[in-house]
Amino acid sequence: MAAMGGTSPSIVEYFGGEDGYRCGYCKNDSGNFSYGMWAHSLTVQDYQDLIDRGWRRSGKYVYKPIMNRTCCPQYTVRCRVLHFQPSKSHKKVLKKMLRFLTRGETSKINSEGEPMDSHTEDTSCFLLKSQPDTSQSELQPLSTYTEKVESEEEDTKGELTGKTDSGHTESCNEKNNTNLSKPLDPAKVGHTPPKPGKGADLSKPPCRKAKDIRKEQKLQKLLQNQTGNHSLQEEAQIAQKSKPKANQTKSVEDFIFITLPPEAVHQLEVRLVRSSPPSSQFKATFQESYQVYKRYQMVIHKDPPDKPTASQFTRFLCDSPLEAENPPNGPDCGYGSFHQQYWIDGKIVAVGVIDILPKCISSVYLYYDPDYSSLSLGVYSALREVAFTRQLHEKASDLSYYYMGFYIHSCPKMRYKGQYRPSDLLCPETYVWVPIEQCLPSLEDSKYCRFNRDLKAVDEGNVKELGRVRILHKRTVMPYSVYKRRQKGSSDEESVHQYATLVGQACSERMLLYKN
């Protein structure tokens, strides 16, 4: 797929494999290994393809764990939201929020194990990486080399256009946008029976508790034996009517979009604001949002007061290489990077940082006001993002997955990401998705696993023609075959081959690899 909406191509600088650095999960001082590159700009399609090959961004730095070397292998995990059903623990969190909003009730104990995607420590090394000393003028191509070269089937074309108009940066307010606030039509969600091994069969009634079955049987028996007792008859009939049907399990939307009573104690509003390029709403709420982040880092992650600065916050959670794109067949809010702000009674209490991509919503980070820790906002925001993905699917049919970052089986506190079922893990060798149920037995035996059971399967997207990799050199776009011939004696072929292998042939032919 070409760049959407006529956006300029992605431009990256590849750094190669990093030396070992400190792991935020097992605390190993030098056991964490990854490949990295600085993304000056990325189309949403290129980033979609990159995360489908195990990459992930922290600000504008994009990294890919070296899976067979790193101390805590990080597997990309996604939830198939069209078939998602909340678990018992998920429903408890949703009900807890409803009780808080309607009656002001708060639990004394924080039942949430960890916030959604709390990987600050793991990415702290990336925060120290400054943008390369590359002048912006060097990143503006003036020409494209079009001479026929060996092994090239066609000219390398694609005159570069200006960046997309930033006019479509207004926020999508969930409260006012009817498309984003109505429950989903179950028919559109499409509960098709899964294949064996793909998870629970959602077309069948869920299991019922023995206690409920016994209670129902007792009422029916009493009703039969006491036909003259009208009050008992009425009690049994009311119990039968009030009991939800077995095949009508409550969805996330049933909890989220319920109408609160007029006497509700608190009011919740969820606003989606574009963070890059920053919309007017984002700019207007920047300071308040930053203060929530600062308190979160200091209280939850024990950061010293001078560490979570406004510039660090900006580089980590506001700056993004993703180009804003608004194609006619995409979601109303467009694609790109956003902050989903949770407002209670007129103040920000939590912010979910997300990327909206052609096939998914990718969760980047979640920070919240520590005073609201009892509401399990990490879990609640994840469930809201699942529902949000399903809403966007109604307009953009390909957008049907929720990416939760990395699943780290060797780190018990990070296993909660596997509880959003049905979900898949990405095979680190062939880059195919495998249901998590099939992966867990292998992960119990070994930290690093190839999930694809077909031993003959290979990476179908691997680089096949190195000469076709696109290079940006001296403001000229050219295939690597031409760049190599011009350099005469250049010794970077190994690095370029490694880059192309990691990003895949398709991305290597679309993205521009900057060479100074």
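Coordinates for the structure precede this section.
Residues numbered from 1 in each chain as written. Predicted model: local features only at pLDDT ≥ 70, side-chain atom pairs only at ≥ 80, totals over all residues. Heavy atoms only, no water.

Draft legend 1. Highlighting helix H11 (residues 310-318). Taken as a whole, H11 has its buried residues at Gln312, Phe313, Phe316, Leu317 and Cys318. Seen along its axis, H11 keeps its buried residues to an arc of 165 degrees; they face one direction. (Buried < 20%, exposed > 50% of the residue type's maximum accessible area, 1.4 Å probe, protein only. Helix = DSSP H or I, 4+ residues; strand = E, 2+ residues; numbered from the N terminus. Arc of directions from axis to C-beta.)

Draft legend 2. Molecular detail of helix H2 (residues 88-103). With 16 residues, H2 extends 22 Å from end C-alpha to end C-alpha; this agrees with the ideal 22 Å at 1.5 Å per step. Looking at H2, one finds that the buried residues are His90, Val93, Leu94, Lys96, Met97, Leu98, Phe100, Leu101 and Thr102. Of the surrounding elements, those touching the buried residues of H2 are helix H8 (252-256), strand S8 (268-276), strand S9 (336-344) and helix H12 (377-395). Once H2 ends, the next one or two residues include glycine 104, with phi positive near 80 degrees. (Expected span 1.5 Å × (residues − 1). Contact = heavy atoms within 4.5 Å.)

Draft legend 3. Representation of empty space enclosed by the protein in the model. Within the structure shown, the criterion is met by five cavities of 30 Å³ or more. One number sums up the size of the largest cavity: a volume of about 90 Å³. Gly54, Met67, Gln74, Thr76 and Pro428 are the residues nearest the centre of the largest cavity, which is lined by 13 residues in total. Breaking the lining of the largest cavity down by element, the ones donating at least two residues are strand S4 (61-65) and strand S5 (75-80). Class assignment for the residues of the lining of the largest cavity results in eight nonpolar, three polar and two charged. Quantified by volume, the second largest cavity comes out at close to 50 Å³. Looking at which element gives the most residues to the lining of the second largest cavity, the answer is strand S12 (residues 401-407), with three residues. In the lining of the second largest cavity, the residues fall into four nonpolar, three polar and one charged. (1 Å grid on protein atoms, 1.4 Å probe; cavity = no way out; pocket = protein on both sides within 12 Å on 5 of 7 lines; lining within 4 Å. Points joined across faces, edges and corners; volume = space filled by probe spheres on them. Nonpolar A, V, L, I, M, F, W, Y, C, P; charged D, E, K, R; others polar.)

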